[in-house]
Amino acid sequence: MTVPRRADVVVVGGGITGASLAYHLSGRGKDVVLLERSVVAGGPTGRSTAIIRQHYSQPLLVRMAVHGLRLYRDFFARELGASCGFVRAGVLWAVSDENRAGLERNVALAQDVGAQIELVEPTSTAVDTRISRDGVAAFALEPTAGHCDPYLATAGFVSAARQLGAAVVERAAVASVQPGHVALAGGGAIDADAVVVAAGPWSPALLAPLGYELPIRTARAEVGRFRLPSSFGAPPRVLADFSEQRFYFKPAEPGFLEVGTLDPAHAERPLDPDHIPEGADAATLRHFERALAVRLPSAAAGHWRGAWSGAYDVTPDWQPAIGAVPGADGVFVAAGFSGHGLKLAPAVGSALAERVCDGAWGGFDLSLFDPARFERGDLISSPYGYSVVG
């Protein structure tokens, strides 16, 4: 595709955040160019396990997640005429004694904001009898939550943006960003009234020449694909286990689970986003297998059938930077989602489109995620205790 030389807004990054933003900007009548260095959803988005849940420790994040769940569940089919592959599997949260009070607080907060979530005692029949209660003081259940296909979700936004007039250019790496101007690595440039960098772990390098240091480290997110024994039966709900195990699993295609970590220590080994190892380490899969044996004993006779690694763009407080880039008029950023990007993308796209077009936040005031907060040392605290919850 020929790259346009002029746009109202250039969005850099064709993951779920950039795709949602391109759609929402186009819906407001803006002439949008979306640039992706590889292919749509070809970066971290495409390797997401895409769990869509509402359990957060900040009221704003709960509201954003509720909006996202409704959109993935209903909006795609009704308004976009496309499927994002949403499956209402339900999400179960498990905590030990030390985190029961935090879980109770989060459930109450989420209910006040409008999320469908409830506290469940270990003895409740709402908990699958195949799930062991060992070391679990309480569960929380989100019956309407689930998971989707990250590629279909991204492609759905992109297709809708194109129908509204957006130009989507793949294999278009960006060499530099300046106020009002984007230069392409392969030659050529685009002039624009506004530029939004939504390039995940590649965002800091694009913003550094503007004098803005975005403190993101790239963390490896390892996921194992586990084949359940044929005797296992119906697929379980998604489980996020914050007891001693600190892992999660979600049902994938029939007979399989996708298994990942909830231990924030995985972010302490920063990596080059261009050189993420394939597969998963043997030690990681052994840990996952031990955790499955504890929490889902009837899965013990299963075996691994592959693994992969994705990337999290992690900030110091595990919360994103969303808004105007300090000292760079007309340049915005939406990055550092620390593994939460897909859940929050519908709200981020809608809110940031309002900010870019109108100069102020609208339905979602995202000033909490001010990109300048890192330099001020004004980090967002999490009352829950586990940063990966959000």
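See the structure printed just above.
Because the structure is a prediction, the values reported are computed rather than measured. (Residues numbered from 1 in each chain as written. Predicted model: local features only at pLDDT ≥ 70, side-chain atom pairs only at ≥ 80, totals over all residues. Heavy atoms only, no water.)

Colleague: So, the packing of aromatic side chains: which residues are in play, and what are the values?
Modeller: Applying the stated criterion across every chain, the model contains eight aromatic pairs. Each ring, one from Phe76 and one from Phe157, has its centre 5.2 Å from the other, and the planes form 70 degrees; the classification is edge-to-face. Linking Phe76 in helix α2 (residues 59-80) with Phe157 in helix α4 (residues 150-163), this pair joins segments that are 81 residues apart in sequence. Accessibility classification places Phe76 together with Phe157 in one group, the buried group. An aromatic cluster is built from Tyr23, Tyr72, Phe75, Phe76 and Phe157, whose rings are joined through pairwise contacts. When the ring centre of Tyr56 is taken as origin, the NZ or CZ atom of Arg53, which lies over that ring, is 4.2 Å away. (Phe/Tyr/Trp six-rings, centres within 6.5 Å; stacked < 30°, edge-to-face > 60°. Helix = DSSP H or I, 4+ residues; strand = E, 2+ residues; numbered from the N terminus. Buried < 20%, exposed > 50% of the residue type's maximum accessible area, 1.4 Å probe, protein only. Lys NZ or Arg CZ within 6 Å of the ring centre and 35° of its normal.)

Colleague: Would you mind going over the packing of helix α1 (residues 16-27) against helix α7 (residues 341-358) in detail, with residue names and values included?
Modeller: Relative to each other, α1 and α7 sit at 40 degrees, their axes nearing to 8 Å. Considered as vectors, α1 and α7 are oriented oblique to each other. α1 and α7 meet at a crossing whose hand is right-handed. Each of Ile16, Thr17, Ser20, Leu21, His24 and Leu25 in α1 lies in contact with α7, whose residues at this interface are Gly341, Leu342, Ala345, Pro346, Val348, Gly349, Ser350, Leu352, Ala353, Val356 and Cys357. Class assignment of the residues belonging to the contact of α1 with α7 gives a composition of eleven nonpolar, six polar and no charged. (Axes fitted to C-alpha atoms, helices over the stretch in contact; angles between N-to-C directions. Parallel < 35°, antiparallel > 145°, perpendicular 65-115°, else oblique. Left-handed = near helix turned anticlockwise from the far one by under 90°. Contact = heavy atoms within 4.5 Å. Nonpolar A, V, L, I, M, F, W, Y, C, P; charged D, E, K, R; others polar.)

Colleague: Provide a residue-level description of the pairing of strand β14 (residues 247-251), including the pertinent values.
Modeller: Of all the five residues making up β14, five are buried; the element is thus mostly covered by neighbouring parts of the structure. Both strand β13 (residues 238-242) and β14 contribute to a ladder of three bridges, which runs antiparallel. Its bridge partner being in β14, Asp241 is matched across the sheet by Phe247. Where β13 hands over to β14, the hairpin turn is made up of four residues, of which Arg246 adopts a positive phi near 50 degrees. (Pairing = 2+ DSSP bridges.)

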